[in-house]
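Read off the chains here:
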Amino acid sequence: MSKSRRPLVAGNWKMNGLKKSQAEVNKLIKKLTKQHLKCDLLLCPPATLLTRFKNAAKGSRLRLGGQDCHGQEKGAHTGDISAQMLADAGATFVIVGHSERRADHQETDRIVRAKAGAASAAGLKVIVCVGETAGERRQKKTLRVIGRQLTKSIPDKSSSSSTVIAYEPVWAIGSGKTPTTKQVAEVHAFIRRKLVQRFGDEGEGMRILYGGSVNPVNASELLAIANVDGALVGGASLKASNFWGIAASY
Ligand code: PEP
């Protein structure tokens, strides 16, 4: 990994977490005061918990993010949340284009790009997710699909400070299955080439996270792969001990 790319370990709580879940956040904050991590640590809880966790994390190195935002600044979009609202509630990051949003809410690359643009306009760093389905991998379409998602989902104005990419094979999410190190290396090298072609030095500086069934046992192997600059973690981020175990494997 390049010296200029500080790793990022991000947790995505998805639709999990209540007020009482703050106990897990408190454990992370306590660990952060005692041990220096070699990566940035980010937690993306449900939006309902952002302000609460932000208050708890005040003065600590724990960063907070949202899991999705709308592509427009504001307006008549019942039930949606804007990037500015997330920032107002304490987020400094937001995930866009997660495969669960793409699948459950029919989010296209064009919609994801608008969300990324809205996030940057609100001053949030954005994590743009890409990844192939099992069928696409079987049909040897992995790089084609990811190439398209990168081209169409990332706004032209993106930079290394505004944008992080997460490679998440859809079939690896929540399944306990992970790609081989060779498969991860191939896709991350491909993403790096694409980013450098389009964004030059900024593309070299963008962090590329791996996501999909990362846990404290497999983390060190996955995080050591070239061009893997951190992890996006779902299930294993719900317990502070597991999440910390992944981050501490740096
Ligand atoms: C995710 O949904 O972003 C994810 C990586 O989930 P899990 O770690 O549970 O596979």
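Notes on the structure follow.

About the criteria used
- One numbering rule holds for all chains: residues counted from 1, following each sequence as written.
- Totals for whole chains, interfaces and linings use every residue, but because this is a predicted model, local features are given only for residues with pLDDT of at least 70 and side-chain atom pairs only at 80 or more, for both listing and counting.
- Water and hydrogen atoms play no part in the side-chain values, which are based on all heavy atoms of the structure.
- Two strands qualify as a pair provided DSSP detects at least 2 bridges between them.
- Strands are runs of DSSP state E lasting at least two residues, helices are runs of H or I lasting at least four, and both sets are numbered from the N terminus onward.
- To obtain an axis, a line is fitted to C-alpha atoms, over the contacting stretch when the element is a helix, and the angle between two such axes runs from 0 to 180 degrees between their N-to-C directions.
- Residue contacts follow a heavy-atom distance rule, with two residues in contact if any of their heavy atoms lie within 4.5 Å.
- Any residue with a non-hydrogen atom lying within 4 Å of a molecule or strand is treated as near it.
- Nitrogen and oxygen atoms within 3.5 Å of one another constitute a polar contact, given that in protein one can donate a hydrogen and the other can accept it, and given that sequence-neighbouring residues count only through two side-chain atoms.
- Residue-level accessible areas treat just the shown protein chains as cover; the underlying method is Shrake-Rupley with a 1.4 Å probe.
- Here, nonpolar core means buried Ala, Val, Leu, Ile, Met, Phe, Trp, Tyr and Cys residues that are tied together by side-chain atoms lying within 4.5 Å of each other.
- Exposure is judged per residue with a 1.4 Å probe applied to protein chains only, and the accessible area is read against the type maximum: over 50% gives exposed, under 20% gives buried, and values in between give partly exposed.
- Each cavity reported here is a set of points on a 1 Å grid over the protein atoms alone in which a 1.4 Å probe fits but cannot get out, each pocket an open set with protein on both sides within 12 Å along at least five of seven lines, and each lining residue one with an atom within 4 Å of a point.
- Grid points are joined across faces, edges and corners, and a volume is the space filled by probe spheres set on the points.
- Classes in brief: Ala, Val, Leu, Ile, Met, Phe, Trp, Tyr, Cys and Pro nonpolar; Asp, Glu, Lys and Arg charged; the others, Gly included, polar.

1. Examining the sheet that holds strand E7 (residues 207-211)
So, step 1. Around the barrel, eight strands lie side by side as E1-E2-E3-E4-E5-E6-E7-E8; this closed barrel has parallel pairing. Sheet twist, expressed as the average angle between the axes of neighbouring strands with direction ignored, equals 25°.
So, step 2. The strands touched by helix H5 (residues 109-121) are strand E4 (93-96) and strand E5 (125-130); relative to E5, the strand with the most contacts, the crossing angle is about 165°.

2. Some words on the site of the ligand
So, step 1. Contacts to the ligand come from 14 residues, most closely from Lys14, His98, Glu168, Gly174 and Ser213.
So, step 2. Glu168 places a side-chain nitrogen or oxygen 2.7 Å from an oxygen atom of the ligand.
So, step 3. At 2.7 Å from an oxygen atom of the ligand is found a main-chain nitrogen or oxygen belonging to Ser213.
So, step 4. Within the complex, the protein chains bury 95% of what would otherwise be the 290 Å² of accessible surface of the ligand.

3. Focus on the nonpolar core
So, step 1. Ranked by internal contacts, the top residues of the largest apolar core, which has 60 residues, are Leu41, Leu62, Ile165 and Ile191.
So, step 2. Looking at this core element by element, the count peaks at six residues for helix H8 (residues 181-199).
So, step 3. Leaving out residues up to four positions away in the same chain, Ile165 has contacts with Val128, Val130, Leu150, Ile154, Ile191, Leu195, Arg207, Ile208 and Leu209.
So, step 4. Formed by 12 residues, the second largest nonpolar core is a distinct cluster that contains Leu42, Ile127, Cys129 and Leu209.

4. Examining the layout of surface pockets
So, step 1. By volume, the largest pocket amounts to about 580 Å³.
So, step 2. In terms of lining residues, the largest pocket is bounded by 20 residues, among which Lys14, Met15, Gln67, Asp68 and Arg101 are the most central.
So, step 3. The element that contributes the greatest number of residues to the lining of the largest pocket is helix H4 (residues 99-104), accounting for three residues.
So, step 4. Taken together, the residues that form the lining of the largest pocket break down as seven nonpolar, seven polar and six charged.
So, step 5. Computed from the structure, the second largest pocket encloses a volume of approximately 220 Å³.
So, step 6. In this structure, the second largest pocket is lined by 17 residues; those nearest its centre are Ser99, Arg102, Gly131, Gln149 and Val170.
So, step 7. Elements supplying a minimum of two residues to the lining of the second largest pocket: H4, E5 and helix H7 (142-153).
So, step 8. When its residues are assigned to classes, the lining of the second largest pocket shows five nonpolar, six polar and six charged.

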